[in-house]
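The residues making up each chain are set out below.
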Amino acid sequence: MAEHYYTAEPSSPHHERTFSLEIGGRAFTFTTDAGVFSKDGLDAGTALLLAALPDAFSGRALDLGCGWGAVGTVMAARWPQAQISLCDVNARAVHLAQENIRRNGLCAQVYCGDGPGAAPGLFDLIAVNPPIRAGKAAVYALFAQSEQQLVAGGRLYVVMRRKQGADSAEKELRSRFEGVQIVERGGGYRVFLAEKARDALQNNVGNDII
């Protein structure tokens, strides 16, 4: 059976690569490897997702399907007052994300597991570049799971390429969230911001939030 970047335990030979990037005026160093998403460097969709995230944020944020940790690492650097978590089903990606957080002198929690439930608690913000190759059902399941793991008024940022289903994904998001808007676009990609209703699950406010 062919391996994908969402394979839980990749068996492909390691081929690590270390490189530097400047994002938002700060220099970062990352290591990638075979068997993970975008092993050759920062992909265009993730770069657009990073551009869409707010400059300031405090609360709990999750990099869902973190891969080697680009989004979560930048979150931790950009938002020093926030509590940052990362998760991925791919154990090799999780190891890389942990090392990249450490390498850049930052602090965040990294979890191995499928979906946002791999990271405990509720979140004020979740960012995801979804695994398109896993299929529409898997991607939409992540939307549903994310909605459940956001606090009332929480925000989900999703980047998708138009030719890979962004239009239908927008409709799916609108069926689940109170407000959906396109906050960035470029190179055939769109970044959606979906906000959970503020009057939904009000009893969640304060639960697991520090």
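The paragraphs below set out a description of the structure included in this document. (Residues numbered from 1 in each chain as written. Predicted model: local features only at pLDDT ≥ 70, side-chain atom pairs only at ≥ 80, totals over all residues. Heavy atoms only, no water.)

Quick notes on the side chain of Asp43
The cut-off we apply is this: The way it works is that DSSP assigns letters per residue, a run of H or I at least four long becomes a helix, a run of E at least two long becomes a strand, and they are numbered from the N terminus. Whether a residue is buried, partly exposed or exposed follows from its accessible area with a 1.4 Å probe, protein chains only, as a fraction of its type maximum: under 20%, in between, or over 50%, in that order. Charged residues are defined here as Lys and Arg on the positive side and Asp and Glu on the negative side; His and the ends of the chain fall outside this count. Here, a salt bridge means any side-chain nitrogen of Lys or Arg that lies within 4 Å of a carboxyl oxygen of Asp or Glu. Residues are treated as being in contact if the distance between any of their heavy atoms lies within 4.5 Å.
Counting through the fold element by element, Asp43 comes out in the loop between β2 (26-32) and α1 (44-52). It turns out Asp43 is buried and unbridged, and the closest side chain with the opposite charge, Arg161, is 8.6 Å from it. Those residues within four positions of Asp43 in sequence are excluded, and the remaining contacts are Phe37, Ser38 and Asn129.

A few points about the pattern of salt bridges
Pairs can form between side chains of opposite charge once their charged atoms are near each other. Counted by the stated rule, this structure contains seven salt bridges. In this structure, the salt-bridge partner of Asp167 is Arg162, at a minimum N-O distance of 3.2 Å. Under the relative-accessibility criterion, Asp167 is labelled partly exposed at 32%. One continuous salt-bridge network, built from bridges that share partners, spans Arg162, Asp167 and Arg190.

Some words on the layout of surface pockets
Definition in use: Detection works on a 1 Å grid of protein atoms alone, calling trapped sets that fit a 1.4 Å probe cavities and calling open sets with protein on both sides within 12 Å along at least five of seven lines pockets, with lining residues defined by an atom within 4 Å of a point. Grid points are joined across faces, edges and corners, and a volume is the space filled by probe spheres set on the points. Polar here means any residue outside two lists: the nonpolar Ala, Val, Leu, Ile, Met, Phe, Trp, Tyr, Cys and Pro, and the charged Asp, Glu, Lys and Arg; Gly therefore counts as polar.
Each pocket or cavity is described by its volume, and for the largest pocket that value is around 560 Å³. Looking at the largest pocket, it is lined by 34 residues, and the ones nearest its centre are Leu64, Gly65, Asp88, Asn129 and Pro131. The set of elements that each furnish at least two residues to the lining of the largest pocket consists of α1, β3 (60-64), α2 (70-78), β4 (83-88), β6 (123-128) and α4 (136-149). Top contributing element to the lining of the largest pocket by residue count: α4, with four residues. When its residues are assigned to classes, the lining of the largest pocket shows 20 nonpolar, 10 polar and four charged.

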